[in-house]
Amino acid sequence: MKIAITGASGYVGGAIVREFEESDHQTLQLSRRECSGEWMRYSLGDDPAKIPWQEIDVLVHAAYDFSPRTWEEIQNRNVIPSASLITAARHAGVQKIILISTISAFEGSRSLYGKAKLAIEKQALAAGATVIRPGLVWGERPGGMMGSLEKIVTALPVVPYLCGAGGLRQFLVHEQDLAASVVRWTCSEPSNKPLTIAHPTPLTLREILVRIAEKKKLRRVWIPVPWQFAMVSLKVAEACGISLPFRSDSLTSLVHGNAAVVFGDDTFCQPRPITP
């Protein structure tokens, strides 16, 4: 099979590309940045009709643009272009469509990111796609949020960590387990509801940071910081136009996560727990 993967140069998209290629599938990497292997420059909002759909058996949609801040901008840069992409693939006769969503997407989500992914999920499910909701993705060389946490633990001998809200518990999934599940779902009938892919035992943010330090054999001093203080600081910085690697909306996702996560839908994957 030949698999088109959006967001292929990103952390999660790259892991999915590697898993497909190791499983002897061809990939067409759709990305804003140049990729190794066969790739095509594509950003959300570009004309999806330019994608060579006649060569494609499966579309994996993993791209998301985090630069927009307002709900209107997010709709225009992510929700509407995702609907156009999925519609174009379906009309072109692509056999399988898989959307990489997030565990932060659920009815009642307070974060704009969660709301946007939920809106995209509904479009994907209506088109007969399979929707996968990964937890916080980790690995040996992590990117995304786990990559940011690892940089903090590596750089600072005294590490502040957010506390409150039940310790900001997170469900995690190893990048290989997530990617393997995506590959296996391309050979199965689509699910009619979102699939949560994560280890069912959550960890607090402090526990995650401690395990990162243990893995790197680092001794650190841990300083708790109330999440409310961090939220105010982030919003003040954003109001002043200061660009930060971590946004208030991301903190909203951490603090106000889904209190009723459902596991057990994916019979293909038993995600491993995070280990030092």
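Let me sum up the structure you'll find in this document. (Residues numbered from 1 in each chain as written. Predicted model: local features only at pLDDT ≥ 70, side-chain atom pairs only at ≥ 80, totals over all residues. Heavy atoms only, no water.)

### Digging into the layout of surface pockets
Rolled over the atoms, a probe as big as a water molecule pinpoints where empty space is left. Its volume calculated, the second largest pocket comes out at about 540 Å³. Looking at the second largest pocket, it is lined by 20 residues, and the ones nearest its centre are Leu-149, Ile-152, Pro-160, Leu-162 and Phe-246. Listing elements by their share of the lining of the second largest pocket, those giving two or more residues are helix 4 (144-155), strand 8 (158-163), helix 6 (205-215) and helix 7 (227-239). When its residues are assigned to classes, the lining of the second largest pocket shows 18 nonpolar, two polar and no charged. (1 Å grid on protein atoms, 1.4 Å probe; cavity = no way out; pocket = protein on both sides within 12 Å on 5 of 7 lines; lining within 4 Å. Points joined across faces, edges and corners; volume = space filled by probe spheres on them. Helix = DSSP H or I, 4+ residues; strand = E, 2+ residues; numbered from the N terminus. Nonpolar A, V, L, I, M, F, W, Y, C, P; charged D, E, K, R; others polar.)

### Regarding the environment of Pro-202
You can see Pro-202 is positioned in the loop between strand 10 (195-197) and helix 6. Residue Pro-202 is classed as buried on the basis of its relative accessible area, which comes to 19%. For Pro-202 and Asp-57, which are 145 residues apart along the polypeptide, the C-alpha to C-alpha distance reads 36 Å. Sequence-distant contacts of Pro-202, defined by excluding residues within four places in its chain, comprise Arg-169, Gln-170, Phe-171 and Glu-207. (Buried < 20%, exposed > 50% of the residue type's maximum accessible area, 1.4 Å probe, protein only. Contact = heavy atoms within 4.5 Å.)

### Overview of the nonpolar core
Judged by nonpolar contacts, the single largest core of 27 residues is most densely connected at Ile-5, Ile-16, Phe-20, Val-60, Ile-100, Ile-132 and Val-182. Of all the secondary structure elements, the ones that give two or more residues to this core are strand 1 (2-6), helix 1 (11-22), strand 4 (58-61), strand 5 (96-100), helix 5 (175-185) and strand 10. If one sorts the elements of this core by residue count, helix 5 sits on top with five residues. Not counting the four nearest positions on each side in its chain, Ile-100 is found in contact with Val-12, Ile-16, Val-60, His-61, Ala-62, Lys-117, Ile-132, Pro-134 and Val-182. (Core = buried A, V, L, I, M, F, W, Y, C linked by side-chain atoms within 4.5 Å.)

### Things to note about a nonpolar patch on the surface
Taken together, the side chains of Val-158, Val-221 and Ile-223 define a hydrophobic patch exposed on the protein surface, amounting to about 230 Å² of accessible area. Note that Val-221 resides in strand 11 (residues 221-226). (Patch = residues over 30% accessible without salt bridge, like charges linked within 9 Å, V, L, I, M, F, W, Y side chains within 5 Å. Areas by Shrake-Rupley, 256 points an atom, 1.4 Å probe, with all protein chains shown as cover. Salt bridge = Lys/Arg side-chain N within 4 Å of Asp/Glu carboxyl O.)

### Comments concerning the side chain of Ser-191
Within the secondary structure, Ser-191 is located in the loop between helix 5 and strand 10. A polar contact of 2.8 Å, which involves the side chain of Ser-191, links it to the backbone oxygen of Lys-193. In this structure, Ser-191 is in contact with Leu-125, Ala-129, Thr-130 and Trp-185, ignoring residues within four places of it in sequence. (Polar contact = N/O pair within 3.5 Å; in protein donor to acceptor, adjacent residues only side chain to side chain.)

### Here's the deal with the sheet that holds strand 5
Judged by pairing direction, the sheet is parallel, and its seven strands sit side by side in the order 3-2-1-4-5-6-10 without closing on themselves. With partners counted over all chains shown, the strands left at the sheet margins are strand 3 (39-41) and strand 10, one partner each. Neighbouring strand axes in the sheet, compared pairwise and without regard to direction, differ in orientation by 20 degrees on average. With four bridges joining them, strand 1 and strand 4 adopt parallel strand pairing. Across the sheet, Ala-4 pairs through a bridge with Leu-59, a residue of strand 4. Helix-sheet contacts for helix 2 (residues 71-91) involve strand 1, strand 4 and strand 5, and the interaxial angle to strand 4 is about 170 degrees. Along the sheet, helix 3 (residues 112-126) contacts strand 5 and strand 6 (130-134); its crossing angle with strand 6, the most-contacted strand, is approximately 155 degrees. (Pairing = 2+ DSSP bridges. Axes fitted to C-alpha atoms, helices over the stretch in contact; angles between N-to-C directions.)

### Considering the pattern of salt bridges
Side chains bearing opposite charge may pair, as long as their charged atoms lie close to each other. Tallied over the entire structure, the rule returns eight salt bridges. Across the pair Lys-2 and Glu-38 runs a salt bridge, and its minimum N-O distance is 3.0 Å. Remark: Glu-38 occurs in the loop between strand 2 (26-31) and strand 3 and Lys-2 occurs in strand 1; sequence separation between them is 36 residues. Under the relative-accessibility criterion, Glu-38 is labelled partly exposed at 38%. One salt bridge connects Lys-122 with Glu-107, and the closest N-O pair in it is separated by 3.1 Å. Taken together, the positions of Lys-122 in helix 3 and Glu-107 in the loop between strand 5 and helix 3 put the pair 15 residues apart, joining distant regions of the chain. Looking at Glu-107, the relative accessible area reads 59%, which means it is exposed. Several salt bridges converge on common partners, so that one network encompasses Lys-2, Glu-38 and Glu-55.

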